[in-house]
Amino acid sequence: MADTHTLRRAEITAVGHYVPEKVLTNHDLEKMVDTNDEWIRSRTGISERRIQEHGASSDMAVMAIRNLVDRFGVDLKSIDLIIVATVTPDMFFPATACIIQEKIGAKQAWGFDILAACSGFLYALTTGAKFIESGAHSKVLVVGVDKMSSIVDYKDRNTCILFGDAAGVVLLEPSTDKGYGLIDQRLYCDGAGADFLYMKGGGSLNPSSHETVDKKMHYIFQDGKNVFKLAVKGMADVAAEVMNRNNLTGADIAWLVPHQANLRIIDATAERMGIDRSKVMINIDKYGNTTAATIPLCLSEWVRDGRLTRGHNIVLAAFGAGYTWGAAYVKWSIPGSA
């Protein structure tokens, strides 16, 4: 097993999520771009996605946090730290974590944002766990939220079919049982992938101007073939690495919790891990790729439905722009149907 000599271990003690009411189906997209339902479903596994018509990423995050509070009775005044994973912050600054802190009244908490695209939640979860393990904090909210509709060009059929809007959140606290919690993780990045998945407009390299707007530089760009090829290998490799580091086989895993980017990538990762699809959390058909929100959204739905429960071994895995990728091994502690 990997070295886990820390002062204490972090475990997920509460979960919540939010998805907007507006549904954008494949048939709706047929009226917007040259595509069709069968083509989208066969290549991505997506049938529909949710769209946040009004408000910002922080508004979705607040709704997810309220869902967590309603289900688990968490006192937000006790929160020490808020970490937000997002590529669609309300604005460059202040950080979305600060905006959320004000909206939920968590006045004892400090916070910051993490930008690691589709791997953002894993990066944020690991970071939050380190604050718990070190003894610095005892209640850390980790939010994954993205309003992808705000950076998608709905005239670009290569990207507009893929993305949706959502928020998910988990609460990290010190584990009361050393056998539970975030046991191991491996995170990677490779900046050589920057040319294949990006949004070039709006930053210090290309400040907002009429020219950047005219060139559609404020929309997401993706070289689908290159990203797909690297994502399949990256997610599968790192998930297998975490299993090997902890002497786990497919039979030991209750659930694979993969980033929901493409059903074929998910299937390839499960196959590499020796896991049947029946043990894979899949909701891409309903929500599409919600970037940093996909993994916590899965966790929250599966707990709510009683399918993820105390004692389950789960592996989280993601791949995103950067390139960034990683996996984590968690011994789950929350009883199901919460």
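Structure shown above.
Every residue gets a number counted from 1 within its own chain, in the order that chain's sequence is written. A pLDDT threshold of at least 70 governs which residues receive local features in this predicted model, and a stricter bar of 80 or more applies before side-chain atom pairs are shown or counted, although totals over entire chains, interfaces and linings include all residues. The basis for every side-chain value is the complete set of non-hydrogen atoms in the structure, without hydrogens or water.

Asks: Quick rundown of the overall build of the protein chain? Include the residues and the values.
Replies: In DSSP terms, a helix is any run of H or I states spanning at least four residues, a strand is any run of E spanning at least two, and both are numbered starting from the N terminus. In terms of regular secondary structure, the protein chain is built from 10 helices and 13 strands. C-alpha atoms define the radius of gyration, and 2.2 Å times the number of residues to the power 0.38 defines the globule rule. In terms of overall size, the protein chain behaves like a compact globule, its C-alpha atoms giving a radius of gyration of 19 Å where 338 residues would be expected to give roughly 20 Å. Taken along the three principal axes of its C-alpha coordinates, the protein chain extends 55 × 45 × 35 Å. When burial is assessed residue by residue, the protein chain has 55% of its 338 residues classed as buried. It only takes one pair of heavy atoms within 4.5 Å for two residues to be counted as in contact. Pairs at least 24 apart in sequence give 77% of the contacts found in the protein chain among residues at least 6 apart. Of the charged side chains in the protein chain, 36 are positive and 39 negative, and the gap between their average positions amounts to 1 Å. The cut-offs for exposure are 20% and 50% of the maximum accessible area for each residue type, with area from a 1.4 Å probe on protein chains only; residues under the lower value are buried, those over the upper are exposed, and the others partly exposed. This count recognises Lys and Arg as positive and Asp and Glu as negative, with His and chain-terminal groups excluded. Where a charge lies is defined by one atom per residue type, namely NZ (Lys), CZ (Arg), CG (Asp) and CD (Glu).

Asks: An account of the sheet that holds strand 13 (residues 324-331) is requested, with residue identities and associated values reported.
Replies: A pair of strands counts as paired when DSSP detects no fewer than two bridges linking them. If you walk across this open sheet you meet the four strands as 8-13-12-11, and the pairing is mixed. Edge strands, defined here as strands with exactly one partner in the open sheet, are strand 8 (181-189) and strand 11 (255-258). Averaged over all pairs of adjacent strands, the angle between strand axes in this sheet comes to 15°, irrespective of strand direction. Pairing between strand 8 and strand 13: eight bridges, direction antiparallel. Note on strand 13: the bridge partner recorded for Tyr188 is Trp325. Axes here mean lines fitted to C-alpha atoms, for a helix over just the part in contact, with angles spanning 0 to 180 degrees between N-to-C directions. Strands in contact with helix 5 (residues 120-133) are strand 8, strand 12 (313-320) and strand 13; relative to strand 8, the strand with the most contacts, it is inclined by about 130°.

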